[in-house]
Amino acid sequence: MKNKGFTLIEILLAMSIVLLIASGSFIGFKSFNQQQALSSTWDSLRNSFNEARSSAASQVIRTSVCSGVGQTLIGHQISFPNDRSYELREVCQLGTNPPTENLIKTVPLPPGVTFNPVPNPTFIRFVVLTGGISGGLNRTVTITNTQGNTRSVTVNTVGVIQ
């Protein structure tokens, strides 16, 4: 009589091969996911810079504070309160008082993506009409994922975003 079926060793060997292939796929998928998170964050950051620049250049007032009597729109800015998020803000001024910053939106970074280092100064302001940035220097913002991959956005003095 001939036995039909597989031995325990054959089954264990087949299972170990399947697990080895699955673990390699998981590692590749995780790496791909982290790279996609970095890429989408970079796109989002560039879009926010473009939004701030175009709003400043066209003098768009988006908050009720800046539309008040005597308020003057100074510009729109991207602020970096920490290494895990950024904010789009509208900046206006009443007479000779210090400028006030009004929050338009906060954008959290996805897990595993951070600003490295946090930009200093902690904001990039686009001034009204010109769309250029205040401070007179090119500014670079770098984001990093947990694998150590980086992407940078540079804004030059006339507001061109690269």
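Residues numbered from 1 in each chain as written. Predicted model: local features only at pLDDT ≥ 70, side-chain atom pairs only at ≥ 80, totals over all residues. Heavy atoms only, no water.

1. Quick word on the state of the cysteines
Here is the rule we go by: The disulfide criterion used throughout: a pair of cysteine sulfur atoms within 2.5 Å. Numbered from the N terminus, helices here are DSSP runs of H or I no shorter than four residues, and strands are runs of E no shorter than two. Here's how the labels work: a residue is buried when its accessible area is under 20% of the maximum for its type, exposed when over 50%, partly exposed in between, all with a 1.4 Å probe on protein chains only.
Across all of its chains, the model carries one disulfide by this definition. With a sulfur-sulfur separation of 2.3 Å, Cys-66 is cross-linked through a disulfide to Cys-92. The disulfide joining Cys-66 to Cys-92 has a torsion of about -100 degrees about its S-S bond and is therefore left-handed. Placement of Cys-66 in the loop between helix 1 (8-57) and strand 1 (71-79) and of Cys-92 in strand 2 (residues 85-94) is noted, with a sequence separation of 26 residues between them. Each of the two residues, Cys-66 as well as Cys-92, counts as buried.

2. As for the pairing of strand 2
Heads up, the rule is: When DSSP locates at least two bridges between a pair of strands, those strands are taken to pair.
Taking burial as the measure, the 10 residues of strand 2 include eight buried ones, the bulk of the element. Direction of pairing for strand 1 relative to strand 2: antiparallel, over a ladder of eight bridges. Each residue of the ladder has a partner; that of His-76, found in strand 2, is Glu-90. Counting the residues between successive antiparallel strands, the hairpin from strand 1 to strand 2 contains five residues. Judged from the eight bridges that link them, strand 2 and strand 3 (residues 100-108) form a sheet pairing that is antiparallel. Bridging across to strand 3, Arg-89 finds its partner in Leu-103.

3. Things to note about the environment of Ser-152
For clarity, the threshold we go by: Whether two residues are in contact is decided by their heavy atoms: any pair within 4.5 Å suffices. Two N or O atoms form a polar contact when they lie within 3.5 Å of each other; inside protein one atom must be a possible hydrogen donor and the other a possible acceptor, and for residues adjacent in sequence the pair counts only when both atoms belong to side chains.
As for its position among the elements, Ser-152 is in strand 7 (residues 150-155). In the structure, Ser-152 is positioned 37 residues away from Phe-115 in sequence and 9.7 Å away in space, judged by C-alpha atoms. Contact partners of Ser-152, with chain neighbours within four places excluded, come to Trp-42, Thr-140, Val-141, Thr-142 and Gln-162. A polar contact is formed between the side chain of Ser-152 and the side chain of Thr-142, at a distance of 3.0 Å.

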